Amino acid sequence: MAVTKSVLITGASRGIGQQIAVQFAKQGAFIAINYPFESEKENAMQTLHEVQNRGSQGQIYEADVSNLAAVEDMVKKVKMDAGSIDVLVANAGITKDKLIMRMTSEDWNQVLQINLTGAFHCTKAVTKEMMQAKKGRIVYISSVIGMIGNAGQANYAASKGGMIALCKSVAKEFGSRNITANCVAPGYILTEMTQNLPKEATDQFMSRVSIKRFGTMEDIAHAVLFLSSDQAAYITGQVLVVDGGLTL
Ligand code: NAP
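Everything numeric in this text was worked out from a predicted model, so none of it was measured.

Turning our attention to the site of the ligand. Surveying the vicinity of the ligand reveals 28 residues, the closest of which are R14, E40, N91, Y156 and T191. The separation between an oxygen atom of the ligand and a polar side-chain atom of S13 is 2.8 Å. One of the side-chain nitrogen or oxygen atoms of R14 is found 2.6 Å away from an oxygen atom of the ligand. Coverage of the ligand by the protein amounts to 94% of the 890 Å² it exposes when considered alone. The set of elements that each furnish at least two residues to the shell around the ligand consists of helix 1 (15–25), helix 6 (154–174) and helix 7 (192–195). Of the residues in the shell around the ligand, the class split is 13 nonpolar, 11 polar and 4 charged.

Next up, the structure:
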């Protein structure tokens, strides 16, 4: 079954990834919904229902992005189901916030392994197919924290800053094959990831946001759709900051 556009979204079982899936579904794309573990299958199924409710096709794919073999296996299956992979959205991410004095090597490695190495694994797996097709779009979900840093988030900031460097390198390496790579750098977005932050931290963020509200998952999804569209064909290696003015 070949479809005109297929999109692989990592970490699409909830949050921003789920919303990106919903917005792509409105365009009739085939949506490959990645989730990390069997225990999260139900959430991934929920994303699939949301996609199907909008008249699109899709499928769920279990793979921990920190495991290259699992990612390669997932990409093979997506290619078989969808016919091609036109867009990769490297969205999967975690936080393990601690001040450096308390951060263990395990806290550091786990965040880097999922956020940054996971994005590398997905890039490595999809670019083979995109090079053959002589087209492709990669959008990395980075963070403004990867640009400005944050106390208590050294591991997360390093992983998200690393994604920006990865993105620029991918843009240079694959540009001649008509593959673009860009980052979306969200500011403070209302999701499960941010709902447990202390009130003091959220108040501090809000005082710096020019547009006096926190971002929504739709705000991020719309930026991803733009960078994946034909209208963005000549944009590559860029970071689109979607933060309501937080970092101005
Ligand atoms: P979220 O609600 O915690 O969702 C994260 C997603 O990643 C979940 O679907 C999660 O699956 C998945 N995931 C975690 N580890 C994975 C792994 N090893 N392999 C595959 N998938 C994995 O987070 P979110 O707020 O939607 O954030 C999505 C992305 O945006 C992240 O990269 C985050 O860093 C970035 N971001 C968020 C904000 C914000 O304010 N929320 C700001 C800047 C950047 P499970 O459901 O199984 O855990």
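Moving on, we come to helix 9 (residues 217–228). Three- or four-residue spacings in an α-helix give side chains the same orientation, since the helix completes a turn every 3.6 residues. Along its 12 residues, helix 9 runs 17 Å from first to last C-alpha, staying within 8% of the 16 Å computed at 1.5 Å per residue. Buried within helix 9 are the following residues: I220, A221, A223, V224, L225, L227 and S228. Those residues of helix 9 hidden inside the fold are in contact with helix 1, strand 4 (87–90), strand 5 (136–141), strand 6 (179–186) and strand 7 (239–242).

Overall, the prediction assigns the protein a mean pLDDT of 95, with 98% of residues at 70 or greater. For the protein, the element scoring lowest by mean pLDDT is helix 7, at 79; helix 6 scores highest, at 99.

Rules of the game
- Residues numbered from 1 in each chain as written.
- Predicted model: local features only at pLDDT ≥ 70, side-chain atom pairs only at ≥ 80, totals over all residues.
- Heavy atoms only, no water.
- Near = heavy atom within 4 Å.
- Polar contact = N/O pair within 3.5 Å; in protein donor to acceptor, adjacent residues only side chain to side chain.
- Areas by Shrake-Rupley, 256 points an atom, 1.4 Å probe, with all protein chains shown as cover.
- Helix = DSSP H or I, 4+ residues; strand = E, 2+ residues; numbered from the N terminus.
- Nonpolar A, V, L, I, M, F, W, Y, C, P; charged D, E, K, R; others polar.
- Expected span 1.5 Å × (residues − 1).
- Buried < 20%, exposed > 50% of the residue type's maximum accessible area, 1.4 Å probe, protein only.
- Contact = heavy atoms within 4.5 Å.
- pLDDT = per-residue confidence, 0-100.

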